[in-house]
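# Summary of the model geometry
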Amino acid sequence: MTLNKKKSRIIIIGANFAGLTAASKLSKCHDVAVIDTKQDFQWTPNIHEILSDVKKETNLSLNLETIITRLGHRFINQTVSNIDGALQTVTLDNKQTLNYDVLLIASGHTRSNYDIKGASKYAYGFRTADEVIQIHNAIDAVLKTKKDPVTINIIGGGFTGIEVLGELLRKYATNKKLQYNVTDRASRLVQALPEKLSDDILKQCENYQVSFNFNKKITEVKKSSIHFDDKNSIESDLTIWSAGTKLPDYLENINTQISYNGLVVNAYLQTEKFDNIFVAGDSATLPNPLAKQASIALDMGLHAAININQFCAKKTLKPFKIRPKPILLSLGDINTYFIQGKLVLASPVLAAAKEAVYQFYMARLSKCLPLDQRVLGIADRITLSTEKLLLVEILKLRPRVLLGRSKVL
């Protein structure tokens, strides 16, 4: 007589890019529970397009319970408060304690205010579609109620800050009532990327009402102003915070090394102290750190699932090997940039490539939805993108403008 093999209890914290991908590849022979505070997965690389009405929240969201249930796993819509690696437990905010044999941490990052006074109260976050909708509505409200020039401040001149600025310029380029400030503590824009990219973005913005403030350390954010350590300040009718991220608070006591804003893992995506705790996505720092990109998180989630399946079967794990991937950065309808190492290509035509990436991955991630929902979702995404983005861009482009903006930087 053959005895039934005991199922391995696997918990995934976070159903973002890495977590959801891992869940889709874990064997149904395991007892898998996926925990997330959100009810929907959101394609966050494109949430900035909600500002310009190019995207709707529904185009960027997939229902987690539906997907995870159809994968044969359990979805727990809760917040994690603590992990005990020694006891192999995860505690939720509702005081429930779950036991695991293998844990995958794929919770990503949360907003960091750097302990700046007033930042959490008076500055809008920019990490979820809900936050972007709040900003969208707040801009519409202030434009209706204020007659004087309206000043929008974007805190953070990194990747997100640039894409936020681009979408605001896409929608409000002809509205002379709006003025924009981009403020960063660094000496230039997107400091992690080639300097020539920063130079070109500054040049492209010369014809718009945009000011850039570099080498500025913020000491306080108030309702109508932002203050710096040099005692100067600037007015602000609306402040958008895209300046930084951090690991979730519950990971502070996990008792493992933290570096580059992530939990240090080996080549197999395991933590040093607990070999049954895997980490993937933005939460992880590899021996050779990689950029925090959705495409890399997707690959890490896939590899984590492969190694977890191997680990449960007591088989040899495989090292995670991946080369740095190209980056697509959009400045609204002004230009789109392709960055691969030191190579930077700029062209409005690249907007179609960025859109294709979104369409491909959303279709792939939604394949576990019921057929009718999957078909309607794809049709809705393609229709809106064609109407609001691709067709509009094609009609606006002039050969001289296209040639002028298309170049190798």
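Above this text sits the structure in question.
Notes on the structure follow. All figures in this text were calculated on a predicted structure; none of them were measured in a lab. (Residues numbered from 1 in each chain as written. Predicted model: local features only at pLDDT ≥ 70, side-chain atom pairs only at ≥ 80, totals over all residues. Heavy atoms only, no water.)

On inspection of all chains with the given rule, the structure shows 13 salt bridges. Here K117 and E220 are joined by a salt bridge, their closest N and O atoms 3.9 Å apart. One end of the pair, K117, is in the loop between β10 (110-111) and α3 (119-122); the other, E220, is in strand β15 (residues 218-221), with 103 residues separating them in the sequence. Here R170 makes a salt bridge to E167, at a shortest N to O gap of 2.8 Å. One end of the pair is R170 and the other is E167, both in helix α5 (residues 159-172) and three residues apart, which spans about a single turn. Overall, E167 belongs to the buried group, its relative accessible area being 0%. What emerges from the salt-bridge pattern is a single network uniting E49, K55 and E355. (Salt bridge = Lys/Arg side-chain N within 4 Å of Asp/Glu carboxyl O. Helix = DSSP H or I, 4+ residues; strand = E, 2+ residues; numbered from the N terminus. Buried < 20%, exposed > 50% of the residue type's maximum accessible area, 1.4 Å probe, protein only.)

Before going further, it helps to examine the sheet that holds strand β8 (residues 97-99). Pairing in this open sheet of three strands is antiparallel, and the strands run β6-β7-β8 from one edge to the other. Looking at strand neighbours, the two that pair on one side only are β6 (80-84) and β8, the edges of this open sheet. Within the sheet, the average angular offset between the axes of one strand and its neighbour, ignoring direction, is 20°. Alignment of β6 against strand β7 (residues 89-92), held across four bridges, turns out to be antiparallel. When the bridges of β7 are listed, I83 appears paired with V90. (Pairing = 2+ DSSP bridges. Axes fitted to C-alpha atoms, helices over the stretch in contact; angles between N-to-C directions.)

In this section: the sheet that holds strand β23 (residues 284-285). Spatially, β20-β21-β23 is the arrangement adopted by the three strands of the open sheet, whose pairing is mixed. Each edge of the sheet is formed by a strand with only one pairing partner; in this case those strands are β20 (258-259) and β23. With two bridges connecting them, β20 and strand β21 (residues 262-264) associate as antiparallel partners. The residue of β21 that forms the bridge with S259 is G262.

This brings us to the side chain of H136. As for its position among the elements, H136 is in helix α4 (residues 129-145). Look at H136 and you get buried, because its relative accessible area is 13%. Of the polar contacts made by the side chain of H136, one reaches the side chain of D53; its length is 2.9 Å. In this structure, H136 is in contact with I50, L51, D53 and K171, ignoring residues within four places of it in sequence. (Polar contact = N/O pair within 3.5 Å; in protein donor to acceptor, adjacent residues only side chain to side chain. Contact = heavy atoms within 4.5 Å.)

Turning next to the packing of α4 against α5. Contact pair α4 / α5: the axes reach a minimum separation of 13 Å and the direction vectors enclose 45°. By the angle between their directions, the pair α4 and α5 is classed as oblique. The hand of the α4/α5 crossing is right-handed. Contacts between α4 and α5 involve H136, I139, D140 and L143 from the first element and L168, K171 and Y172 from the second. Here the residues of the contact of α4 with α5 sort into four nonpolar, one polar and two charged. (Parallel < 35°, antiparallel > 145°, perpendicular 65-115°, else oblique. Left-handed = near helix turned anticlockwise from the far one by under 90°. Nonpolar A, V, L, I, M, F, W, Y, C, P; charged D, E, K, R; others polar.)

Our focus in this paragraph is the packing of aromatic side chains. Enumeration according to the criterion identifies six aromatic pairs in this entry. Seen from their ring centres, F17 and F41 are 5.3 Å apart, and the 90° between their planes marks the pair as edge-to-face. Remark: F41 occurs in strand β3 (residues 40-42) and F17 occurs in helix α1 (residues 17-25); sequence separation between them is 24 residues. Across the pair, exposure class does not vary: F17 and F41 are buried alike. Both rings, one in F278 and one in F311, keep their centres 5.8 Å apart while their planes meet at 80°; by these two values the pair is edge-to-face. Taken together, the residues span a long stretch of sequence, with F278 in strand β22 (residues 277-279) and F311 in helix α7 (residues 294-312) at a distance of 33 residues. Assessed through its relative accessible area of 0%, F278 is described here as buried. On the basis of relative accessible area, F311 is assigned to the partly exposed category, the value being 24%. Clustering of aromatic rings is evident, with ring pairs tying together F17, F41, W43, F360 and Y361. When the ring centre of Y358 is taken as reference, the NZ or CZ atom of K55 above it lies at 4.7 Å. Taking the ring centre of F228 as reference, the NZ or CZ of K216 above it sits at 5.0 Å. (Phe/Tyr/Trp six-rings, centres within 6.5 Å; stacked < 30°, edge-to-face > 60°. Lys NZ or Arg CZ within 6 Å of the ring centre and 35° of its normal.)

Counting 107 residues, the largest nonpolar core has I83, V90, I105 and L168 as its most contacted members. Ranked by the residues each element gives to this core, the list is headed by α7, at nine residues. Not counting residues up to four positions away in its chain, the partners in contact with V90 are I11, I13, I35, V80, N82, I83, Q96, T97, L98, Y100 and L103. By size, the runner-up hydrophobic cluster in this structure holds ten residues, among which are I116, A119, I155 and I234. (Core = buried A, V, L, I, M, F, W, Y, C linked by side-chain atoms within 4.5 Å.)

Let us look at α4. Here α4 contains 17 residues, and its C-alpha end-to-end distance of 25 Å stays within 8% of the 24 Å for a straight helix at 1.5 Å per residue. Three or more residues of α4 are buried, namely A129, V132, I135, H136, A138, I139, V142 and L143. Buried residues in α4 make contact with β3, β11 (123-124), β12 (150-155), α5, β13 (178-183) and β18 (238-241). (Expected span 1.5 Å × (residues − 1).)

Time to look at unusual backbone geometry. Of note in this structure, D53 is not a glycine but carries a positive phi near 70°. Mapped onto the fold, D53 is located in the loop between β3 and β4 (61-63). Accessibility expressed as a relative area gives 33% for D53, which makes it partly exposed. At K314, a position not held by glycine, the phi torsion is positive, near 55°. In this fold, K314 is placed in the loop between α7 and β24 (327-331).

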